Amino acid sequence: MLLLFFFLALPQAPAPPPSPSLRDLLPYPKEEREALVALYLAQKTSLHLLLGKEAARAYDRLLRLELKNQLSGKRSAFSRPEDALRAAHRWILAVGQAVRKGPVHLEGLPTAPHHVLPHAREIRAAAGALRLPPGVLAAIVDNEQYGGDKALGLSRGVREVADTLAEGLAEAQGQVPLSRTLGLAQMSWEDALKQEARLLRFGAWDPLRPFPHTEAEARRALLDPYLNLLFTASRLRGYFNALLGLPPEDTRPLEDPWLYYLGPAWHNYPLRAQNLETWEDSFHGFFKGLLYQVVLEGRWGLEGRRLLPLKAWGPGGPEPRPSPLPGVSP
């Protein structure tokens, strides 16, 4: 019975060290400081109402870490507390709109849903195969693709040329010492080759498909959006198991909202994540994870910078409203 209890108990992320007082992190005159504290607490309460206590606790942990890094001179996403709180406010508004199934306004938010939504099914499937929240994987895709879109496409163009050159050399020579990441989540081919044991343990690999064992084979596999996401999710799962003190073979579902910070941060820059730094991809990645976790539960279309909920009619669903136009018979 004791062994069964430990097996069924869901793992929890390690408790954060005691954080300083919120007011100590805001070195402002009293009136200005209290206004920022009120905004901070209002945002935490909003997330609690929208997504529950654990999401609010993860928000609190991230914002305190960001404010602490600003104060200590460590790498931070913003230079001033009010900038971080304003950015969090815009994200929470978008999360609230998604929860209420209304149009989600993304204007001013550094996000690239046009790269994520077309692969919603693959993201859900890959995350589910490794028992991870799909929002974590979606946030990583968004971060990587949003970064590739910057500089008027220059960074993406340079990266794609390097990938094409590397793929050709890998086919001809078997390996090549450049362009080590590619695909939706910018997964490295070296890491992809290390995922076989974990994917088999989770029952996530199609036994009829040969597993890649060379650079050229790994590169071909990573060009498939689903396999790119599957390898990425497997690599993440290994990191999460180690961080949570779980055995490598542990396959239980992981659900802590703090993973929305840890996943994008570690995938983007492991050393910064280990050093508890905050930067643009890790800060915004957390809120992207929260948003996509809600969005991926339904079907959405994109119109400019707005996400619009789509209604799918089918067996068991509500009947469409009758058209106000007169019927036409042949």
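Just so we're clear, the structure is a prediction, and the values are computed from it rather than from any experiment.

What counts and what doesn't
- Residues numbered from 1 in each chain as written.
- Predicted model: local features only at pLDDT ≥ 70, side-chain atom pairs only at ≥ 80, totals over all residues.
- Heavy atoms only, no water.
- Core = buried A, V, L, I, M, F, W, Y, C linked by side-chain atoms within 4.5 Å.
- Buried < 20%, exposed > 50% of the residue type's maximum accessible area, 1.4 Å probe, protein only.
- Helix = DSSP H or I, 4+ residues; strand = E, 2+ residues; numbered from the N terminus.
- Contact = heavy atoms within 4.5 Å.
- Expected span 1.5 Å × (residues − 1).
- Arc of directions from axis to C-beta.
- Polar contact = N/O pair within 3.5 Å; in protein donor to acceptor, adjacent residues only side chain to side chain.
- Pairing = 2+ DSSP bridges.
- pLDDT = per-residue confidence, 0-100.
- Axes fitted to C-alpha atoms, helices over the stretch in contact; angles between N-to-C directions.
- Parallel < 35°, antiparallel > 145°, perpendicular 65-115°, else oblique.
- Nonpolar A, V, L, I, M, F, W, Y, C, P; charged D, E, K, R; others polar.
- Salt bridge = Lys/Arg side-chain N within 4 Å of Asp/Glu carboxyl O.

A. Geometry of the nonpolar core. Tyr-59, Leu-63, Phe-231 and Phe-287 are the most contacted members of the largest nonpolar core, which totals 89 residues. At 9 residues, the largest contribution of residues to this core is made by helix 4 (residues 81–99). Once you skip the residues sitting within four places of it in the chain, Phe-287 turns out to touch Tyr-59, Leu-62, Leu-63, Ala-88, Trp-91 and Ile-92.

B. Structural detail: the side chain of Asn-69. Relative to the elements of secondary structure, Asn-69 occurs in helix 3 (residues 53–72). The class of Asn-69 is buried, set by a relative accessible area of 2%. The contact partners of Asn-69, leaving out residues within four places of it in the chain, are Lys-74, Arg-75, Ser-76, Leu-276, Glu-277 and Thr-278.

C. Summary view of helix 2 (residues 30–51). A rise of 1.5 Å per residue sets the reference length of helix 2, with its 22 residues, at 32 Å; its end C-alpha atoms lie 31 Å apart and thus fit the reference within 8%. Those residues of helix 2 lying buried are Arg-33, Leu-36, Val-37, Tyr-40, Gln-43 and Leu-47. Relative to the axis of helix 2, the buried residues are bounded by an arc of 125° and lie together on one face. Exposed side chains of helix 2 directed beyond 90 degrees from the buried face belong to Lys-30, Glu-31 and Leu-49. Buried residues along helix 2 sit against helix 3, helix 4 and helix 15 (280–295). A positive phi of about 105° marks Gly-52, the residue just after helix 2.

D. Highlighting the side chain of Asp-142. Within the secondary structure, Asp-142 sits in helix 7 (residues 134–149). Here the side chain of Asp-142 touches Thr-111 through a polar contact of 2.6 Å, side chain to side chain. Sequence-distant contacts of Asp-142, that is, excluding residues within four places in its chain, are made with Pro-110, Thr-111, Ala-112, Pro-113, Val-116, Lys-288 and Tyr-292.

E. Seen up close, the sheet that holds strand 5 (residues 306–309). On the basis of which strands lie adjacent, the open sheet formed by 3 strands has the order 1-5-4 and antiparallel pairing. Each edge of the sheet is formed by a strand with only one pairing partner; in this case those strands are strand 1 (104–105) and strand 4 (300–303). Relative to strand 5, strand 1 runs antiparallel, the two being bridged by 2 bridges. If you follow His-105 over to strand 5, its bridge partner there is Arg-306.

F. Inspection of the pairing of strand 5 at higher detail. Examined bridge by bridge, strand 4 and strand 5 share 4 bridges and lie antiparallel to one another. When the bridges of strand 5 are listed, Glu-303 appears paired with Arg-306. Linking strand 4 to strand 5, which pair antiparallel, is a turn of 2 residues; within it Gly-304 sits at a positive phi near 65°.

G. Layout of the confidence of the model for the chain. Mean pLDDT over the chain stands at 85; residues scoring 70 or higher make up 78%. Confidence drops under a pLDDT of 50 for residues 3–8, and excluding neighbours within four residues, the segment shows 2 contacts in the predicted structure. Across residues 151–155, confidence stays below pLDDT 50; counting only partners more than four residues off in sequence or on other chains, it has 4 contacts.

H. Up close: the packing of helix 3 against helix 15. Running from N to C, helix 3 and helix 15 cross one another at 170°; their axes reach a closest spacing of 11 Å. Between helix 3 and helix 15, the angle is such that the two are roughly antiparallel. Contact residues: Ala-55, Ala-58, Tyr-59, Leu-62, Leu-63 and Glu-66 in helix 3; Phe-283, Phe-286, Phe-287 and Leu-290 in helix 15. Among the residues forming the contact of helix 3 with helix 15, the class breakdown is 9 nonpolar, no polar and 1 charged.

I. Inspection of the pattern of salt bridges at higher detail. Evaluation of the coordinates by the stated rule reveals 16 salt bridges. Salt-bridge contacts for Glu-34 lead to Arg-33; the nearest nitrogen and oxygen are separated by 3.4 Å. With relative accessibility at 27%, the residue Glu-34 sits in the partly exposed group. Across the salt bridge formed by Glu-215 and Arg-219, the nearest N and O atoms sit 3.0 Å from each other. A residue pair is termed a helical-turn pair when its members lie 3 or 4 positions apart in one helix, as Glu-215 and Arg-219 do in helix 11 (residues 215–222) at 4 residues. In this pair, the class of Glu-215 matches that of Arg-219, namely buried. A network of salt bridges, in which partner residues are shared, links Arg-80, Glu-82, Asp-83 and Arg-86.

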